[in-house]
Amino acid sequence: MKTLLIATLLAGASLAAQADEANDALVRKGEYLARAGDCVACHTAKDGKPFAGGLPMETPIGTVYSTNITPDGSGIGQYSFEDFDLAVRKGIGKDGSTLYPAMPYPSYARVNDDDMRALYAYFMKGVAPVQQPNKATDIPWPLSMRWPLAIWRGLFAPEVHATQAPAAQDPVVSRGAYLVEGLGHCGACHTPRALTMQEKALSPADGTQFLAGSAPLEGWIAKSLRGDHKDGLGSWSEAQLVQFLKTGRSDRSAVFGGMSDVVEHSMQHMTDADLTAIARYLKTLPPSNPDDTPHVYDKQVADALWNGDDSKPGASVYIDNCAACHRTDGQGYTRVFPALAGNPVVQTQDATSLIHVVLAGATVPATHTAPSNLTMPGFGWRLSDQEVAEVVNFIRTSWGNQGSAVTAGDVKALR
């Protein structure tokens, strides 16, 4: 009898240990998925506690503030899994109101049930609770009324679904599609929006505007991730994309703006397999412009500068302020100072990002595999609007680049 009791106790202890191990594994999986979704970047205010909310986010109708998603009573501590699922995948709060689409629930509708349960486990058991009430929006009445959002959600938010990949599709590409279109919610920034603020496409099946680049937001342009050479990823290899996502820099480019947070908080923590899947999927997207052609380097400006000819407008400003890092041939220095020749960022139709970088500078974040911060100083304090316009135009039209002209007025509007 004693032996039977001991055996029963041992069996019970073993089952409990297995259950704890399974729960721990689920929480770890949820933590990874939260990294892939970059939840911390939006739900953490500057100098605030992780996931406690309060980060201001500009929208065309006013400022909204991210919410507390810690397991505190002021956050989501009272949420059941069903409440959590409704909020994340359908945009419906616990009180039944519709969330602002700053929360990318149209993308999260793609997340599968198993991953949702892992995310719930992580936020309930792996995140420290923080007592911090949510902040009201700075949206004026009547735009602040919530009921029209339910109509918006009914018109533009897809049903929760798990898209089935074509049977013949590369499973790596399928995984990339799941990450990019779902948890990664890349389209929330990189897809243009209609006047009614919905993304014009949520997947390649919706047309070539998917991931074709955004309008300016908070002084930056989210560039095209399609196959265009001029202003997309056509000139990037899969390996270069993986390197960029993991380190924030590649042989010829460097991260800036909001994408810096994505690399710092999300991408650098993802597995090489998932980064490869994302890169391979993005490389399947054809160019938006069917007449797109590869960049052809033109050394005419480089030769002129080498020979002391700075007569082209903006050339002298470039020599005095930019050439030491980006070189007179526009080639920069590998993984340190990005090349400007053939750089898609400097050739986008809207030059907002380039103007912003010249005015305010930018910092490439330190990552685990590239642990050095690289900072470009801002030049807005020493250059006039006209000088900034001239040097931006110089960069956009030299070394074979084909960007349209900007004016001093464009610079003034951003300064």
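As shown above, the structure is provided for reference.
Here the structure is a predicted model, which means the values were calculated and not measured. (Residues numbered from 1 in each chain as written. Predicted model: local features only at pLDDT ≥ 70, side-chain atom pairs only at ≥ 80, totals over all residues. Heavy atoms only, no water.)

Along the backbone of the chain there are 17 helices and four strands. Scaling as 2.2 N^0.38, a compact globule of 415 residues should have a C-alpha radius of gyration of about 22 Å, and the chain matches this with 24 Å. Structurally, the chain occupies a C-alpha span of about 100 × 55 × 45 Å along its principal axes. Classification of the 415 residues of the chain by burial places 46% in the buried group. About 20,700 Å² of surface is accessible on the chain, with carbon and sulfur atoms providing 58% of the total. (Helix = DSSP H or I, 4+ residues; strand = E, 2+ residues; numbered from the N terminus. Rg over C-alpha atoms; globule rule 2.2 N^0.38 Å. Buried < 20%, exposed > 50% of the residue type's maximum accessible area, 1.4 Å probe, protein only. Areas by Shrake-Rupley, 256 points an atom, 1.4 Å probe, with all protein chains shown as cover.)

The subject of this paragraph is helix 16 (residues 385-397). When the terminal C-alpha atoms of helix 16 are compared, their 18 Å separation across 13 residues agrees well with the 18 Å that a helix rising 1.5 Å per residue should span. Along helix 16, the positions that sit buried rather than exposed are Asp385, Val388, Ala389, Val391, Val392, Asn393, Phe394, Ile395 and Arg396. In this structure, the buried side of helix 16 is in contact with helix 12 (300-306), helix 13 (315-321), helix 15 (352-360) and helix 17 (408-414). Of the residues one or two after helix 16, Trp399 is the one with positive phi, at around 60°. (Expected span 1.5 Å × (residues − 1). Contact = heavy atoms within 4.5 Å.)

On to the packing of aromatic side chains, then. Counting across every chain of the model gives 14 aromatic pairs. Ring geometry for Tyr105 versus Trp152: centroids 6.4 Å apart, planes at 85°, classification edge-to-face. You can see Tyr105 sitting in helix 4 (residues 105-108) and its partner Trp152 sitting in helix 6 (residues 147-156), a full 47 residues away along the chain. When the ring of Tyr333 is compared with that of Phe337, the centres are 6.4 Å apart and the planes differ by 80°; the resulting orientation is edge-to-face. Judged by its relative accessible area of 28%, Phe337 falls in the partly exposed class. Taken together, Phe51, Phe81, Phe84, Tyr120, Tyr122 and Phe123 form an aromatic cluster joined through their ring pairs. (Phe/Tyr/Trp six-rings, centres within 6.5 Å; stacked < 30°, edge-to-face > 60°.)

In protein structure, a disulfide is the covalent linkage between the sulfur atoms of two cysteines. Evaluation of the coordinates by the stated rule reveals zero disulfides. Unpaired in this structure, Cys42 has its nearest cysteine sulfur neighbour in Cys189, at a distance of 7.7 Å. Residue classification places Cys42 among the partly exposed positions, given a relative accessible area of 31%. Of all cysteine sulfurs, the one in Cys189 lies closest to Cys186, which takes part in no disulfide; the gap is 8.7 Å. Of the residues examined, Cys186 reaches a relative accessible area of 15% and is grouped as buried. (Disulfide = S-S within 2.5 Å.)

At 3.6 residues per turn, the α-helix brings residues three or four places apart onto the same side. Buried within helix 9 (residues 238-247) we find Leu241, Val242, Phe244, Leu245 and Thr247. Of the surrounding elements, those touching the buried residues of helix 9 are helix 10 (258-265) and helix 11 (272-282). Within two residues after helix 9, Gly248 carries a phi angle of roughly 80°, on the positive side.

Formed by 58 residues in total, the largest nonpolar core has its most connected members in Phe123 and Leu282. The set of elements that each furnish at least two residues to this core consists of helix 1 (2-36), helix 2 (39-42), helix 3 (81-90), helix 4, helix 5 (113-125), helix 7 (171-183), helix 9 and helix 11. For this core, the element with the highest residue contribution is helix 5, accounting for seven residues. With residues up to four places along the chain from it excluded, the contact list for Leu282 reads Val180, Leu211, Leu225 and Leu233. Within the second largest apolar cluster, 27 residues are counted, among which are Ala351, Leu359, Phe394 and Val406. (Core = buried A, V, L, I, M, F, W, Y, C linked by side-chain atoms within 4.5 Å.)

Attention now moves to the side chain of Thr44. Along the chain, Thr44 turns up in the loop between helix 2 and strand 1 (56-59). For Thr44, a relative accessible area of 16% corresponds to the buried category. For Thr44, the side chain forms a polar contact with the main-chain oxygen of Val40, separated by 2.8 Å. Separated by 3.0 Å, the side chain of Thr44 and the backbone nitrogen of Phe51 make a polar contact. Setting aside its immediate chain neighbours within four residues, Thr44 contacts Lys49, Pro50, Phe51, Gly53, Leu55 and Ser66. (Polar contact = N/O pair within 3.5 Å; in protein donor to acceptor, adjacent residues only side chain to side chain.)

Here we take up the pattern of salt bridges. Going through the model one piece at a time under the given rule, you end up with 14 salt bridges. A salt bridge links Lys94 to Asp83; its shortest N-O distance comes to 2.7 Å. Taken together, the residues span a long stretch of sequence, with Lys94 in the loop between helix 3 and helix 4 and Asp83 in helix 3 at a distance of 11 residues. Look at Asp83 and you get buried, because its relative accessible area is 17%. Note that Arg415 is salt-bridged to Asp385, the shortest N-O span being 2.7 Å. (Salt bridge = Lys/Arg side-chain N within 4 Å of Asp/Glu carboxyl O.)

Another point: the packing of helix 9 against helix 11. Taken N-terminus to C-terminus, the directions of helix 9 and helix 11 make an angle of 125°; their axes are 9 Å apart at the nearest point. Of the possible angle classes, the one that applies to helix 9 and helix 11 is oblique. Where helix 9 crosses over helix 11, the two elements pack in a sense that is right-handed. Counted together, Glu238, Leu241, Val242, Leu245 and Lys246 of helix 9 and Asp272, Leu275, Thr276, Ile278, Ala279 and Arg280 of helix 11 form the full contact between these two elements. Its residues assigned to classes, the contact of helix 9 with helix 11 shows six nonpolar, one polar and four charged. (Axes fitted to C-alpha atoms, helices over the stretch in contact; angles between N-to-C directions. Parallel < 35°, antiparallel > 145°, perpendicular 65-115°, else oblique. Left-handed = near helix turned anticlockwise from the far one by under 90°. Nonpolar A, V, L, I, M, F, W, Y, C, P; charged D, E, K, R; others polar.)

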